[in-house]
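Secondary and tertiary structure notes
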Amino acid sequence: MTKNTSMIITVVLALLCSCCSLFTCIIGFGGVTGNGTYSLGGADQPMPPTAGYALLCVSVIFILIPLIAGFFLLRKKPEAMPASDEPLPPAS
């Protein structure tokens, strides 16, 4: 895989995951503070704080995905050792 392809994949993942993590972080923060609801705006069914904490954990995972993918895609891979015409020394 070329460096440009790896960069494009990392940028697309960062954009997609940042949108998802921002949304889940806002909803999770609302759930933790007691202001979040399942019906988006109504006070019909308040969100329990445990669901808010779970959504905050999911948002952290969404933030880590492009970082990990970027690390593995953009790191410098070790080069293979060139083949040598010299024989190997005898094992002692």
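Reading guide: rules and limits
Residues numbered from 1 in each chain as written. Predicted model: local features only at pLDDT ≥ 70, side-chain atom pairs only at ≥ 80, totals over all residues. Heavy atoms only, no water. Helix = DSSP H or I, 4+ residues; strand = E, 2+ residues; numbered from the N terminus. Buried < 20%, exposed > 50% of the residue type's maximum accessible area, 1.4 Å probe, protein only. Contact = heavy atoms within 4.5 Å. Areas by Shrake-Rupley, 256 points an atom, 1.4 Å probe, with all protein chains shown as cover. Patch = residues over 30% accessible without salt bridge, like charges linked within 9 Å, V, L, I, M, F, W, Y side chains within 5 Å. Salt bridge = Lys/Arg side-chain N within 4 Å of Asp/Glu carboxyl O.

1. As for the overall build of the chain
Counting secondary structure elements, the chain contains two helices and zero strands. Looking at the 92 residues of the chain, the share that counts as buried comes to 18%. In the chain, once contacts between residues fewer than 6 apart in sequence are set aside, the share between residues at least 24 apart is 59%. About 7,300 Å² of surface is accessible on the chain, with carbon and sulfur atoms providing 73% of the total.

2. Observations regarding a nonpolar patch on the surface
Side chains of Val 60, Ile 63, Leu 64, Leu 67, Ile 68, Phe 71 and Phe 72 sit close together on the surface and give an oily, nonpolar patch of about 690 Å² of accessible area. Note on placement: Ile 68 falls in helix 2 (residues 49–74). Since its relative accessible area comes to 45%, Ile 68 is described here as partly exposed.

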